[in-house]
Amino acid sequence: MRRPGLVTPLAGRSLPRRIATVVAAAAMVTSTAALVLADAAAGDVTARPAPASAPDSAGSYLVVLRGTPLATYDGSASGFARTAPRSGERFDADRPAVQAYEAHLLGLQTDLLDELGSPEVLYRYTTALNGFAATLTGEQVTALRERSDVLAVERSRVEHVTGAPTTDTLGLGGTDGIWQRVGGPARAGKGVVVGLVDTGIWPENPSFAGIPVDRPTLRRTYPGFTGDCEPGERWTTDLCNAKVLAARYFVAGFGASGLAASDFASPRDGSGHGSHTAAIAAGNVGVDVAISRQDFGHVAGVAPAAALAIYKACWAAPDPGDDGCATPDTAKAVDQAVRDGVDVLNYSVAGHDATLTDVVEIAFLNAAAAGVFVSAAAGDDGPAAGTVSHSAPWVTTVGASSTDSYRGSVALGDGTTFSGSMVSNKSVRDLPLVYAGDVRARNASQSHASHCFPGALDAGKVEDAIVICERGKNGRVTKSQTVSQSGGAGMVLVNDSAGSTEADLHAVPTVHVTKSDGAAIVRYAERAARPTATLDADRGAPVPPTIADFSARGPSTVTDADVLKPDLTAPGVSVLAAVAPPSNFGHLWDIYSGTSMAAPEVAGLAAVVRSSRPQWSPAMTKSAMMTTARPMTGSSPLDQGAGEVVAGQSLLNPGLVYPAGLGDWLSYLKGSGDQTAAAVAGDQVAEIDPTDLNSASIAVGSLVGEQTVTRTVTNVAAQTETYTARVEGLRGVAVSVSRPTITVRPGQSVSFDVTFSARKAARYQHFASGTLTWRGSHGHQVRSPIVVRPQLVRAPIEVGVPGSQRSVDVRARAGVTGTIAATSTDLVGTRPTGFVLSTGAFDVTAPKPSDSTQQQSFDLPEGTSFARFTVRTPSPDDDLDLYVYRDDTLVAQASDTATEEVVNLEDPVPGRYAVYVHAVSATGDVTLGTLTGWVVRDAPNPAGAGETRRPVKVSPSPVGVTGGRTFEVKVSWPELDTSRRWLAVISYDGSGRHTFLTVN
């Protein structure tokens, strides 16, 4: 069976309405950016966007081949021994078997590159990926996409990197902390290598101090680790040591000519982000920190006994808006890290939320399969829903929680006190309090003054006063610098909207307060006769952790939200750690916030676990973290996953774990409904429903009637234990566990089913959340978060009938008992346009009709609900591609090897659209085909040019339904002109589900 056509949406689109994409002739589906079939048997469709990518024009591309890479090759190919590491082992690139199989992979890559005409190669990948990054022409990209030995062709893109001393935040060193269990900080992570793909490292920081170490000693201490120290700008090989074992850099994708003057073409960190994450994960213990004459005591990394391997792939550009990490560089960094033999990998870089199988996520898949624990930042695009990155289940995706690490108070002259965030060991007492907007300098705008822009304050009115500044428009630290330069003694920073407060290193003592508290403080300052205030560092009563406002939220947009992301959270607000002085006011330390700070805390914990439990797989470690996490009150699992990670001794003794490995993940991909994902999985594995992936969480994104999911737990404790299941929450959803009590021997695995069914009280189209907790007879509590979204209906995506037919029965499944109203647009009839094309080139950046390209224009007026464009060829061996432009901008393309390529646009932006059909290949000199376009508008609107409309009747409507059972409606229409092709769209009672009815 040939693969169906796939749409590639354009990178950087900024369209206010949703763009749907490609469908295949055999299975037509609709989505917001890439179409996938969620449940082929039931005809259900899942809407989720694909990763944005540019069209097939010249540029840098990542190409992944189908051959198994070194990290996961099991020895199945004739003549080559196994290269994948065994359980608990580190990947060892020095093994002869690795070198032999790598030579084989490189040879196949070279043959392919030779066939392409020897393009410029940026990188070769062999360990976590099998492929290369190269500069390719549009024709070369098209040729690669047609090859059966090519798995993926992805255009290079640029992604972006997204205190409380770490020990205090996580409680590592307390009486119940994990350090106590492993023998103290000197053994926390011992023998483990933590790799970081980031902006590099500032080696002179005391967090990274270590004794010199030669290569032979390194190999003996870390058997199998083959990392190296790469020289470069302001970096020599002797800067590596017993703490920083290896350091490399990758800049070919980003371009060395595009670096900022403050950055370095070497592993040396120019921005501070990489130093910060490295110190959080595995910085030295007991390091004294002082900043601007303020003493912050001691800091330590989560796994201070672990070693670091640095892979710099993120860069600063002259324009900060161009900073980032080019995917050819990050993919090579991951590939090299796995090849070097790291045990844990931290990736504090944003990623796509809409795909399981971009090149970097595929690299993570093979890394995890090789035993490397991957921790990735969830992203900083919260609090909006559906913003979480790194949705792949083999990655541990980490959100950010906020703690009360740095607290302060604002005491007003009338005795009122407000609490906020503050980093200072200085108090400011009984000084005048002024609102910045009331003390603006001459010629300064009111907005600039209230936001404390440089030069916007009247120094005569600010001197020796505490100034109230509004948040927003300029940097928080910039505001305190303005106050200091104007002679002010302190600052109250007021939020401009609802949200969290953050502790920063300010130029004057500063307390950051909420919007509501700030409004009260401003009122006092403007109404009191002689307003005064005192700023004091005071932790006060402990504040429970909460999810940070910026932390990206679920639901995941892949597999219809049948995987829960983020997995868990860690402290990510106001975290104190090492930085690089060039970009941090000359400081060696600073306080940063972001999910970028949370991810390395989890990476560090994984290193501690790996050191003590070397036989545990990445999935087992992730399960232990999730089932022992602490849920945060008032936050949904869609926001926090399992909750905030707990660095307690239970992490090493969770009782039960939910194991998974490469076979499970490939079966998940196979059943995901994503055609690229299925291609990654291959034909050797059986598919499973995504909800059945053996994870420590349960997510059912589309519950229609009743659904059962299966899980398996393994006892990792030393004794037999009996567990009892307890389900809490999930309002409106009935839940039953097939085996409410289980007894599990050490090392034994036991499976059970959990069945969900929606009740009348369910909030349909909304997620219900709850927990499943296994309570053990020896005190273990194994807690899993659950999210379930009841849906009104599951309907077929496509129903097609011959032109002579005048009705069809449509069967669907109801998720509710009651009635459902089914409605339909008119049937829109258009005549196909025939063409004869010869094969030839097509420039997607400047399309034009030619002997190999057919073009037709369509007007999509206001009120257009759907547009569909299809191209057909009668020859199964010919290949036609379809491109859709609006105002000369490519908005969608279907460019695979299907005999029918289809693009659907849902709620398209009004305008004139140009549709191009390009002949890629033909069995003879020419290929025949037809192009058809439909513009479906609201029923009252008249037919468009060249169109004919016919009414459609749906009966009965509303129809009585029973939850979990099928129902049927008859769709009928008058006699049709069979020379036309007809399309209507059936909708179901606001469910968001549609059935495309085609009459041909």
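Summary of the structure given here.

1. Some details on the overall build of the protein chain
For step 1, the next point in the chain: Helices and strands together make up the secondary structure of the protein chain, namely 17 helices and 57 strands.
For step 2, the next point in the chain: Expected size for 1000 residues packed as a compact globule is a radius of gyration near 30 Å; at 30 Å, the protein chain falls within 12% of this value.
For step 3, the next point in the chain: Principal-axis analysis of the C-alpha atoms gives the protein chain an extent of 85 × 75 × 65 Å.
For step 4, the next point in the chain: Scored against the burial criterion, the 1000 residues of the protein chain give a buried share of 60%.
For step 5, the next point in the chain: For the protein chain, the exposed surface amounts to about 35100 Å²; the carbon and sulfur share of it is 48%.
For step 6, the next point in the chain: Seen as two clouds, the 82 positive and the 100 negative side-chain charges of the protein chain have centres 5 Å apart.

2. Here we look at unusual backbone geometry
For step 1, the next point in the chain: Between G554 and P555 the backbone carries a cis peptide bond, its omega angle lying at 5°.
For step 2, the next point in the chain: Along the chain, the position of P555 falls in the loop between β25 (546-547) and β26 (568-571).
For step 3, the next point in the chain: In this chain, S955 is followed by P956 through a cis amide linkage whose omega measures -10°.
For step 4, the next point in the chain: Looking at where P956 falls in the secondary structure, it is placed in the loop between β53 (953-955) and β54 (959-961).
For step 5, the next point in the chain: Positioned with a positive phi, H390 is a non-glycine residue whose angle comes to about 55°.
For step 6, the next point in the chain: With respect to the helices and strands, the residue H390 is situated in the loop between β16 (373-377) and β17 (396-402).
For step 7, the next point in the chain: According to the relative accessible area criterion, H390 is buried, its value standing at 1%.
For step 8, the next point in the chain: Of note, D907 is a non-glycine position whose phi angle comes to about 50°, a positive value.
For step 9, the next point in the chain: Locating D907 in the fold gives a position in the loop between β49 (900-906) and β50 (911-921).

3. Remarks on the side chain of D335
For step 1, the next point in the chain: Tracing the backbone through its elements, the reader meets D335 in helix α7 (residues 327-340).
For step 2, the next point in the chain: Of note is the side chain of D335, whose polar atom sits 2.7 Å from the backbone nitrogen of T127.
For step 3, the next point in the chain: Filtering out sequence-adjacent residues up to four positions away, D335 remains in contact with R124, Y125, T126, T127, A128 and L129.

4. Here we look at the sheet that holds β50
For step 1, the next point in the chain: Read from one edge to the other, the open sheet built from 4 strands follows the order β45-β50-β47-β48, with strand pairing classed as antiparallel. In this open sheet, the two edge strands, each paired with only one partner strand, are β45 (853-860) and β48 (889-894). Taking the axes of each pair of neighbouring strands and ignoring which way they run, one obtains an average angle of 25° across the sheet.
For step 2, the next point in the chain: By the bridge criterion, 8 bridges tie strand β47 (residues 879-886) to β50 in an arrangement that is antiparallel. Along β50, the bridge assignment pairs R886 with Y913.

What counts, and at which threshold
Residues numbered from 1 in each chain as written. Predicted model: local features only at pLDDT ≥ 70, side-chain atom pairs only at ≥ 80, totals over all residues. Heavy atoms only, no water. Helix = DSSP H or I, 4+ residues; strand = E, 2+ residues; numbered from the N terminus. Rg over C-alpha atoms; globule rule 2.2 N^0.38 Å. Buried < 20%, exposed > 50% of the residue type's maximum accessible area, 1.4 Å probe, protein only. Areas by Shrake-Rupley, 256 points an atom, 1.4 Å probe, with all protein chains shown as cover. Lys, Arg positive; Asp, Glu negative; His and termini not counted. Charge placed at Lys NZ, Arg CZ, Asp CG, Glu CD. Polar contact = N/O pair within 3.5 Å; in protein donor to acceptor, adjacent residues only side chain to side chain. Contact = heavy atoms within 4.5 Å. Pairing = 2+ DSSP bridges. Axes fitted to C-alpha atoms, helices over the stretch in contact; angles between N-to-C directions.

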